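# Structure at a glance
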Amino acid sequence: MKDRLRFDADAKEVVSPASRGSHIATRAVTDSVSGTIHRQVAEGEDDNVGVQAAHQSEEAVETTGHVLSDASYSRKLKAYDKAAKLEGKADKANVNALYQQSLADNPEAASNLISRWKQKQAIKKEYAAAKAAGGTATHTAATAKGAQEAAKETGTVVEKISTFVSEHSHMLLVAGIFLLLILVIMGMFSSCSAMFQGAATTVAASTYPSEDADMLAAEAQYCALEQELQDYLDNYESTHDYDEYIYELDDIEHDAYVLISAITALMDGNAWTIDEVQDIIQMLFDQQYTLTETVTTETRYRTETRMGTRTVTETATDPETGEEYEYEVEEEYEYEVQVPYTYYICTVTLENFNLSHVPVYVMSEEQLERYSLYMSTLGNRPDLFAGSSYVSLYYNTDYTTYEIPSEALSDEAFANMIAEAEKYLGYPYVWDGSSPSTSFDCSGFVSWVINNCGNGWSVGRQTANGLLNLCTVVSASDAQPGDLIFFQGTYNTSGASHVGIYVGNGMMIHCGDPIQYTSINTSYWQSHFLAYGRLPGM
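Since we're looking at a predicted model, the values are computed, not measured.

So, about the overall build of the chain. Within the chain, the secondary structure is distributed over 19 helices and twelve strands. The buried share of the chain, taken over its 538 residues, is 47%. Total accessible area on the chain stands at roughly 26,600 Å², and carbon and sulfur atoms take up 49% of it.

Structure representation (structure tokens):
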């Protein structure tokens, strides 16, 4: 008897601009530093409208500040506070300009939501690092071409206004600076409106749209279903009448982020209330847990004692004659027999399919893409279920810290594999996933890299064991970067159950949870190691 169970019952990266108030606190600081900064920015400003607009507004405001040296200090601070805000807007425009240019240069990176989100996060990180090192302009110039004309127009307006304000300083101090800022911002937003729209769409698409109360209620309801299942199993023998019980039970557990991501993806990214997702919650529960109660019978024998009667002959002596004589009497006696009976054995099996394995079977391609994106970002709500292991696995974690030795990358075939594999660092593990749009499982990831790295291989979508069968097994001492590394027993299947790409120095890149570089020298991986395999042509 096999039953499906049913019971009635914004973390954001912020790059803070330097305070313009402190920048103009003394004329000496302004004069000595600004020239160097402007020269560095000017080297790359032609290639980025955001950088150029910010740079020209900075020069104009500083020029105004020098000319109007007799203006009050508080008025200067007010002007430069606004310039600081403008710089922050310019930073945002720069990041989005780089993002749009990156997507234009790499159309494949724009193919799905998760790719776009990962690309945006990487650019924000690089931009912040470049700015902190004083190299923002050079960095942006190298990657954001095509905005020169818009920047020149903005620069001309800024220059004219700056001159005018200088000549009419006392009369137009406040009006001039405000007008300058308005024009620069208008120019910047005019050229970057599409960029802001694209960025906003990406952020919105990766954020849970529902209210906290509804998401927490969904998690509580799922936990209640699990508790009811646990209670049923705990009291099984008191509610059933069998001779013997055999239990084969998986743990009852799930992750809250997997649940909320799955519900939201199945709702096509729309905001939902707890009342609207009752059927989805039950469906996911039924897909995750399978309770099987199998009753078998055996014919067994037991010993029973029974009573019978029999005739026996006894001897007696006649008291008158003294002669013996025999007579018969009936007597009762006990005897034992082997009696057959039916023996009932109930085997109770609970399979936890793992909620994270369910999406690929119940979602469309587009829904699965949404699910992958929500899991990559945790819906931009790492605070919602802070106890989840996914918070440390997925959120604010750098998966690009390992640097492969340059000598290994001198092998073109291996370098091609790594170039393709590293595109997906940080992508979530999705059971049976096999493409960037759906994300990957271990064999789906390695199969994709092999097929798309440009080495001329075409192996299709293989399992870990299927990939092992395509390889020539090599010893650990002969293993080289680009070989595949196989493990067994990581879950209940025969043969190879996990696969990664060996990169040398005891490291592999693989779709763990998520895709990342990992040392193979840990006790876990050593205990499950199976073999190294070399692809044809390596």
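So much for the structure itself; the text now carries on.
Moving on: the side chain of Thr438. Here Thr438 shows up in the loop between strand E5 (434-435) and strand E6 (439-440). The contact partners of Thr438, leaving out residues within four places of it in the chain, are Glu365, Leu368, Ser372, Val430 and Gly433.

In terms of backbone geometry, most residues other than glycine have negative phi values and most peptide bonds are trans. Even without being glycine, Asn354 reaches a positive phi, approximately 80°. In this structure, Asn354 sits in the loop between strand E4 (324-352) and helix H12 (359-362). Accessibility expressed as a relative area gives 35% for Asn354, which makes it partly exposed. Its identity as a non-glycine residue notwithstanding, Leu378 has a phi of 55°, on the positive side. Tracing the sequence through the fold places Leu378 in the loop between helix H13 (365-377) and helix H14 (389-394). The class of Leu378 is buried, set by a relative accessible area of 0%.

Before going further, it helps to examine the packing of helix H10 (residues 256-266) against helix H11 (residues 278-288). Viewed as axis vectors pointing N to C, H10 and H11 meet at an angle of 125°, and their least axial separation amounts to 11 Å. By the criterion of interaxial angle, the relationship of H10 to H11 is oblique. H10 and H11 meet at a crossing whose hand is right-handed. Touching Leu259, Ala262, Ile263 and Leu266 of H10 are Ile280, Ile281, Met283 and Leu284, all from H11.

Glancing now at a negative patch on the surface. A cluster of like negative charges, contributed by Asp250, Asp251, Glu253 and Glu351, occupies part of the molecular surface. Relative to the helices and strands, Asp250 resides in the loop between strand E2 (244-249) and H10.

Attention now goes to the pattern of salt bridges. For the structure shown, the criterion picks out ten salt bridges. Between Arg302 and Glu304 there is a salt bridge; the shortest N-O distance is 3.4 Å. On the accessibility criterion, Glu304 (24% relative accessible area) is partly exposed. Between Asp432 and Arg461 there is a salt bridge, and its shortest N-O distance comes to 3.6 Å. Here Asp432 is found in the loop between helix H16 (412-421) and E5, whereas its partner Arg461 is found in the loop between helix H17 (442-452) and helix H18 (464-470), with 29 residues between them in sequence.

Attention now goes to the nonpolar core. With 81 residues, the main nonpolar core has Leu284, Phe445 and Leu484 as its most contacted residues. If you tally residues by element for this core, the top one is H10, at nine residues. Not counting chain neighbours up to four residues away, the residues in contact with Leu484 comprise Val446, Ile450, Leu467, Cys471, Val499, Gly500, Ile501, Ala531, Tyr532, Gly533 and Leu535. With nine residues, the next largest nonpolar core counts Ala479, Ile485, Ile520 and Trp525 among its residues.

It is worth spelling out the packing of aromatic side chains at this point. Evaluated as defined, the whole model comprises 25 aromatic pairs. On the basis of an interplanar angle of 90° and a centroid distance of 5.7 Å, the ring pair of Tyr232 and Tyr236 is categorised as edge-to-face. Aromatic side chains Tyr424 and Tyr427 sit 5.3 Å apart centroid to centroid with 80° between the ring planes, which places their arrangement in the edge-to-face category. On the basis of relative accessible area, Tyr427 is assigned to the buried category, the value being 1%. Among the aromatic residues, ring-to-ring pairing joins Phe487, Tyr502, Tyr524, Trp525, Phe529 and Tyr532 into one connected group. Here the guanidinium or amino end of Arg300 rests over the ring plane of Tyr343, the centre of that ring lying 3.6 Å away. Its end group placed over the ring of Tyr341, Arg302 keeps NZ or CZ at 4.3 Å from the ring centre.

Here the chain averages 75 in pLDDT, and 62% of its residues register 70 or above. Note that pLDDT drops below 50 for residues 6-84; the model gives that stretch 131 contacts with residues more than four away or on any other chain. With pLDDT under 50 throughout, residues 135-158 is counted as low confidence; its partners more than four residues away or in other chains account for 50 contacts.

The next subject is the sheet that holds strand E10 (residues 507-511). The sheet built from six strands is open, its strands ordered E7-E12-E8-E9-E10-E11 with antiparallel pairing. Each end of this open sheet is capped by a strand with a single partner; those strands are strand E7 (472-474) and strand E11 (515-519). In this sheet, adjacent strand axes meet at a mean angle of 40° when their direction is disregarded. Two elements, strand E8 (residues 484-488) and strand E9 (residues 496-504), share five bridges in a ladder whose sense is antiparallel. Counterpart to Ile485 in the pairing with E9 is Gly500. In the packing of H16 onto the sheet, the strands contacted are E9, E10 and E11, and the crossing angle to E9 comes to about 115°. Contacts between H17 and the sheet are confined to E8, E9, E10 and E11, with E9 contributing the most and set at about 45° to the helix.

With that settled, the discussion passes to H13. End to end, H13 covers 19 Å across 13 residues, agreeing with the expected 18 Å (1.5 Å per residue, within 8%). With eleven of 13 residues buried, H13 is to be regarded as a mostly interior element. Listed in full, the buried residues belonging to H13 are Gln367, Leu368, Glu369, Arg370, Tyr371, Ser372, Leu373, Tyr374, Met375, Ser376 and Thr377. One or two residues past the end of H13 sits Leu378, with phi positive at roughly 55°.

What follows deals with H17. Extensive coverage of H17 is indicated by the burial of eight of its eleven residues. Looking only at H17, the buried set comprises Cys442, Ser443, Gly444, Phe445, Val446, Ser447, Val449 and Ile450. Following H17 by one or two positions, Gly454 adopts a phi angle in the positive range, close to 90°.

Before going further, it helps to examine the pairing of E11. Among the five residues of E11, four are classified as buried, and the element is accordingly described as predominantly covered. Looking at chain direction, E10 and E11 are connected through five bridges and run antiparallel. Following the sheet pairing, His510 is matched in E11 by Gln516. Here E10 folds back onto E11, and the loop between the two strands holds three residues.

This brings us to the packing of H10 against H13. At a closest axis distance of 8 Å, the pairing of H10 and H13 adopts a crossing angle of 145°. Helix-helix and strand crossings are classified by hand; for H10 and H13 the assignment is right-handed. Two secondary-structure elements touch here, H10 through Tyr257, Val258, Ser261, Ala262, Thr264, Ala265 and Leu266 and H13 through Gln367, Arg370, Tyr371, Tyr374 and Met375. Residues that form the contact of H10 with H13 fall into these classes: eight nonpolar, three polar and one charged.

The rules behind these values
Residue numbers run consecutively from 1 along every chain, following the written order of its sequence. Reporting of local features is limited, given that this is a predicted model, to residues whose pLDDT is at least 70; pairs of side-chain atoms are given and counted only at 80 or more, and all residues count toward the totals for whole chains, interfaces and linings. Water and hydrogen atoms were dropped before computing side-chain values, which therefore reflect all heavy atoms in the structure. Elements are defined by DSSP. Helices are runs of H or I of four residues or more, strands are runs of E of two residues or more, and each kind is numbered from the N terminus. Buried means the residue's accessible area, taken with a 1.4 Å probe over protein chains only, is under 20% of the maximum for its type, while exposed means over 50%, and partly exposed covers the values in between. Here the open area of atoms and residues is found with the Shrake-Rupley method and a 1.4 Å probe, where only the protein chains shown may cover a residue. Note on contacts: a residue pair is in contact if any heavy atoms of the two residues lie within 4.5 Å. Throughout, an axis means a line fitted to C-alpha atoms (over the contacting stretch in the case of helices), and angles, computed between N-to-C directions, take values from 0 to 180 degrees. An angle counts as roughly parallel when it lies under 35 degrees, as roughly antiparallel when it exceeds 145, as roughly perpendicular when it falls between 65 and 115, and as oblique in every other case. In this scheme, a crossing is called left-handed if the near helix is turned counterclockwise away from the far one by less than a right angle; it is called right-handed if the turn is clockwise. Here a patch means residues that are over 30% exposed by relative accessible area and free of salt bridges, tied together within 9 Å if like-charged and within 5 Å if nonpolar (Val, Leu, Ile, Met, Phe, Trp, Tyr). Salt bridge, as used here: a side-chain nitrogen of Lys or Arg that lies within 4 Å of a carboxyl oxygen of Asp or Glu. In summary, the charge assignment counts Lys and Arg as positive and Asp and Glu as negative, without counting His or the chain termini. Think of each charge as sitting on NZ of Lys, CZ of Arg, CG of Asp or CD of Glu. To qualify as a nonpolar core, a set must consist of buried Ala, Val, Leu, Ile, Met, Phe, Trp, Tyr and Cys residues joined through side-chain atoms within 4.5 Å. Only centres within 6.5 Å qualify two rings of Phe, Tyr or Trp (six-membered ring in Trp) as a pair; their planes then separate them into stacked at under 30 degrees, edge-to-face at over 60, and tilted for everything else. Either the NZ atom of lysine or the CZ atom of arginine qualifies as a charge over a ring when it sits within 6 Å of the ring centre and within 35 degrees of the ring normal. Per-residue confidence from the predictor is reported as pLDDT, a score between 0 and 100. Any two strands with at least two DSSP bridges between them are considered paired. Multiplying 1.5 Å by the residue count of a helix minus one yields the expected span of that helix. Side-chain classes follow a simple rule in which Ala, Val, Leu, Ile, Met, Phe, Trp, Tyr, Cys and Pro form the nonpolar group, Asp, Glu, Lys and Arg form the charged group, and the remainder, Gly included, forms the polar group.

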